[in-house]
Structure formats: C-alpha cells, structure tokens
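# Structural description and commentary
Read off the chains here:
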Amino acid sequence: MAARLGDEDGPGSGSGSASHLTSSPAPASAAGGAVSEGSVSDSASEGSGPVAPAPKGSAPKGSVPEGSASAGARTVTLDDVRSAQKTLSGISRLTALEGSRYLSGLVGSPVHFKCENLQRTGSFKLRGGYVRIAGLSPEERAAGVVAASAGNHAQGVALAASLLGVRSTVFMPEGAPLPKIAATRDYGAEVRLCGQIVDETMRAAQEYAERTGAVFIHPFDHPDIIAGQGTVGLEILEQCPEVRTVVVGIGGGGLAAGIAVAVKALRPDVRVVGVQAEGAAAYPPSLAAGRPVTIDAPVTMADGIKVGRPGEVPFRIIEELVDEVRTVTEDELSSALLLCLERAKLVVEPAGASPVAALLSDPKSFEGPVVAVLSGGNVDPLLMQRILRHGMAAAGRYLSLRLRLTDRPGALATLLGVLSTLDANVLDVSHVRTNPRLGLSEAEVELHLETKGTDHCEDVREALRGAGYTVMAEVMV
C-alpha cells in the first residue's frame, strides 16, 4: 500500500468540486513548459538575506504582473505554468482539497490539505516529469531518458516516460525501499541500483547520460520541471480562492518555486511559506549567502526533502517569491505524520507532512485560510512503523523504560500489577537476569508502554519510583 498509494488505478481522483482554471492565458510557451521569451534575466536577484515578510503597507513580496517576468532572475513565468497545465490535461489528477477541523481549531481559521499524496504515483513528481519529457524533441525522445531518485521522482519519471512512449532508465540507491524499486519497475523503467546515497546515484545517472546520449531528467533544477510542479499552485487558487497562506515542503525547491510562480503572479497578497527538515535545511544558509550553499551530510527521516544543496533555478525563484522558510524537528515531523493518519485518515510520507509539522509547531503565526501541500504518500511500511512509534513517543503516548528490580519469584508480576493500576498498556517486556552490570540478586526489565499523554507518562514514572523501582533510563524509540 505505501509505495503505490495514489497509483493511477487507486483512489484520489479529486473532490470533483473544482476544474482547471478557465481564464484565458496570455500567449503561452510551447507544449512542455519551455521558458517564455524574456523570462530569463542575466542578473541575479539583489536580495542576499533570508526571506522575510513584507512590512505592512508595502507591496507583497515577489508581486509581479500576471504572465510577466520581474526584473529578478526568474526563469519560469505564469505562462509557462499555464502551458504545463494544458500539457498535463488528462494526465495528472486534480487532487482533492480536504479540510482539517483539528488544525483549523489550532490556527483559528480554516486549514486545508492539498492531497498530492493521492496523485498518480503517490506524489506531485509526475507533473514536472511529464512536462519535461513532453517538451523533448523527437531525437531526444528516441535517445531515452535517465533519472536518479530514491523514490518519488523515480516513479514519476517512469510513468511519464511510459505514457509518452519513451524508454527510461532510473538509478536508485542500493538501500532504496523494495516497494519503491518494485513500483518504479512496474511503471516501465529499467532500474539500476548504484551507490549508497542519492548524490552518488545522481553522478552515476549523469555519467550514463553522457555515455549513451540519454536525456538526464533532473528532479528539480530545470524550468520545465518547475512549471509542471507549479500547476499545483493553479489548482490551489481554483479550489480555495480565499486562501491567504500556502505552506509547502522544500527539498531542492522545484515544488515550492513552481507554486510561488503561479500563486504570486495571480495573488501577490498570498503568503507562501516553505518548510525544511532541521537536519537537512540548506535554504536558510543559502538565502543568507545569496547563493546556493551545500550542507554536509543532511540527516532526516524525510527523504523526500533530504537535499544538501538547492537547485540553481528554483533557488532564484524562492529567493524572490517565497516569503519565509521555516524548519521543523524530527519529533514534529513524526507528530505531523501521526496526525495525518489518525485525524485525516491520510497516509503521508515525512516530507509530505512537513507543512503540517510547521502548523503544529506554531499555529497562531499563520494567517488563514491556510492550504498545506501534502506532497507525497510513498513511505515504506517498515519506516512507517518506526515513525508512528516515534510520533507516539513525541506526543507522550508511548513510553519506553528500563528499570531494575529484585530477582525473585513474582517480581515481574508485581511490577505489571503496579502498571495495571495506572491504566498503562504494556506493549512489550524484555526481562534480563544475566548481565555483567547486574548484581547477583538483580534483574533488569525493559518496558514499552502505551500511555495517554505527557501527564500520564509522568504519573507512571512517579508511581514506579514510589513503589521502590529504580528507573535506569528511558529507551529511545
């Protein structure tokens, strides 16, 4: 289920309450989202600091005339996004916009989820991949395409290439989840496993492109990719015309850049907020430096936004048009994923839950109505199990303890009796009698408990201490 949620034969065809934008576009670029004439500037954006909200009474950040380029280094226009939308007609789904009563209560105004986790292949990546491949010349298509990805981009490119009759080769890390590898093959790609991290896999794919002539399809650093992803922004404005804030996760930046181009051109008053995982946040230092900066060894469970360096093309757009970039912790990501599953009944991967994590961490700082983009739902079941347990622990609903007790008959039963009076549900018990660190008459027990919240966890700890048990440590989950 995890790797194929939102497959072309699965659920998620949209709410049926919205359609493509019907306003007449200005003259668009060629099919495939090619860059419009005059949309590229030779000069870089002058801004060198982190993106901040525009002062009250000033023009909204990044506001530009509809369908035109600003003086900054924008490489994609509204016309490009509209052209991409035409290219994607009948290919990508108009994904549902679902309300969240729980988050609306926290924020104090309506909050909606843009459910790209229910898109074909389970993420927004099909949009950009299809537009990019559709814009290739007949000669380029004949040479085939190649991509590198740990999952979402791989599946998007594989399906897009199959729909267009183009041969595709996808390089994936050797440790990529088996469901994602199987799904990519099912969509028609030849999968080659290479390297331990995506950077190594990317280099292998680029070398393959140079050797064979296949066209390398970058996951985020190309105008056609950004234009395709920008169609999410057009749909948001159609489905929620009253929107005031759009919150979207950022990895390399393709999705956030595309949404910002579409939203700011049509509604410059709408605030666009990007979200990165704290351990893989390359955009804050890059925005401070005024250029893409590489961070060493990004670490996060959110592999969909685990990117060590922003793309050149999306960076300039985000620098100019995105109002703010926030970071969230791993605990906040876990809690957000758990909320999506329990409250919204939506399977969302950690990267897709990053906007929800930002809303949970500081709900009153967002002006509503808010649209949070759930960018993908491709999560390995084993990882999901670990994340949910982590999320329950972060929410105070899962407590793991290691404690010491006297090794005598009935000691373990007595301990469990204490826990039963506290209404703590015992999920697992590990009982160790022989260990060099234990005394002759001692035993050690590791307990995994389901609890009712942080206050209940503290009640359990205090009751165990009061009963004479020594709590050695809390076990990380």
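Structure first, text after, so check above.
Residues numbered from 1 in each chain as written. Predicted model: local features only at pLDDT ≥ 70, side-chain atom pairs only at ≥ 80, totals over all residues. Heavy atoms only, no water.

## A word on the pattern of salt bridges
Taken as a whole and assessed by the stated rule, the structure comprises 16 salt bridges. Between Asp323 and Lys264 there is a salt bridge, with the nearest N and O atoms lying 2.8 Å from each other. Of this pair, Asp323 sits in the loop between helix 11 (312-321) and strand 9 (324-328) while Lys264 is found in helix 9 (residues 254-266), placing the two residues 59 residues apart along the sequence. Of the two residues, Asp323 and Lys264, both sit in the buried class. Three or more residues are tied together by salt bridges with common partners; here these are Lys114, Glu116, Arg127 and Glu235. (Salt bridge = Lys/Arg side-chain N within 4 Å of Asp/Glu carboxyl O. Helix = DSSP H or I, 4+ residues; strand = E, 2+ residues; numbered from the N terminus. Buried < 20%, exposed > 50% of the residue type's maximum accessible area, 1.4 Å probe, protein only.)

## Let's talk about helix 16 (residues 454-466)
Helix length check: helix 16 (13 residues) gives 18 Å between terminal C-alpha atoms against 18 Å at 1.5 Å per residue, within 8%. Those residues of helix 16 that sit buried are His456, Cys457, Val460, Arg461 and Leu464. Looking straight down helix 16, one finds its buried side chains confined to an arc of 140°; they lie on one side. Summarising the geometry of helix 16, the exposed residues directed more than 90 degrees from the buried face are Asp455 and Gly466. In the stretch just after helix 16, Gly468 is the one whose phi turns positive, near 95°. (Expected span 1.5 Å × (residues − 1). Arc of directions from axis to C-beta.)

## Some details on the sheet that holds strand 6 (residues 215-216)
Overall, parallel pairing links the 4 strands, which are arranged 5-4-3-6 in an open sheet. Both outer strands of the open sheet, strand 5 (190-193) and strand 6, are each paired with one neighbouring strand and no more. The sheet contact formed by strand 3 (residues 145-148) and strand 6 spans 2 bridges and is parallel. For Val146, the partnering residue across the bridge sits in strand 6 and is Phe216. Running over the sheet, helix 5 (residues 152-163) touches strand 3 and strand 4 (168-172) and is turned about 165° from strand 3. (Pairing = 2+ DSSP bridges. Contact = heavy atoms within 4.5 Å. Axes fitted to C-alpha atoms, helices over the stretch in contact; angles between N-to-C directions.)

## What about the nonpolar core?
Grouped together as the largest cluster of nonpolar side chains are 68 residues, with contacts concentrated most on Tyr130, Ile133, Val145, Ile259 and Val373. Per-element tally for this core: the top contributor is helix 9, with 9 residues. Apart from the residues within four sequence positions on either side, Ile133 is in contact with Arg141, Val145, Val157, Ala160, Ala161, Leu164, Val166 and Ile217. With 37 residues, the next largest nonpolar core counts Val247, Val328, Cys340 and Met384 among its residues. (Core = buried A, V, L, I, M, F, W, Y, C linked by side-chain atoms within 4.5 Å.)

## Observations concerning unusual backbone geometry
Here the amide bond leading from Gly368 into Pro369 is cis, since omega sits at 0°, within 30 degrees of zero. Of note, Pro369 is situated in the loop between helix 13 (354-361) and strand 10 (370-374). Notably, Thr121 is not glycine yet its phi reads approximately 70°, a positive angle. The class of Thr121 is buried, set by a relative accessible area of 0%.

## What about the pairing of strand 9?
Across the 5 residues of strand 9, 4 count as buried, placing the element largely inside the fold. Looking at chain direction, strand 8 (residues 271-277) and strand 9 are connected through 5 bridges and run parallel. Across the sheet, the residue bridging to Ala277 is Val328, located in strand 9.

## Focus: the packing of aromatic side chains
Evaluation of the coordinates by the stated rule reveals 2 aromatic pairs. When the ring centre of Phe366 is taken as origin, the NZ or CZ atom of Arg326, which lies over that ring, is 4.3 Å away. (Phe/Tyr/Trp six-rings, centres within 6.5 Å; stacked < 30°, edge-to-face > 60°. Lys NZ or Arg CZ within 6 Å of the ring centre and 35° of its normal.)

## Focus: the pairing of strand 7 (residues 245-249)
For strand 7, the tally of buried residues reaches 5 of 5 residues, placing the bulk of the element in the interior. The two faces of strand 7 match: Thr245, Val247 and Gly249 on one face and Val246 and Val248 on the other face are all buried. By the bridge criterion, 5 bridges tie strand 7 to strand 8 in an arrangement that is parallel. Each residue of the ladder has a partner; that of Val248, found in strand 8, is Gly274. Taking the sense of rotation as the criterion, the β-α-β connection linking strand 7, helix 9 and strand 8 turns out right-handed. Sheet topology places strand 7 next to strand 10; 3 bridges connect them, and they run parallel. Bridging across to strand 10, Thr245 finds its partner in Val370. (Right-handed = clockwise from strand over helix to strand, strands pointing away.)

## Looking at the packing of helix 3 (residues 125-134) against helix 8 (residues 223-239)
Interhelical geometry of helix 3 versus helix 8 gives an angle of 135° and a closest axis separation of 7 Å. Our classification of the angle between helix 3 and helix 8 gives oblique. Our pair here, helix 3 against helix 8, has a crossing hand that is right-handed. Contact residues: Lys125, Arg127, Gly128, Gly129, Val131 and Arg132 in helix 3; Asp224, Ile225, Gly228, Gln229, Thr231, Val232 and Glu235 in helix 8. When its residues are assigned to classes, the contact of helix 3 with helix 8 shows 3 nonpolar, 5 polar and 5 charged. (Parallel < 35°, antiparallel > 145°, perpendicular 65-115°, else oblique. Left-handed = near helix turned anticlockwise from the far one by under 90°. Nonpolar A, V, L, I, M, F, W, Y, C, P; charged D, E, K, R; others polar.)

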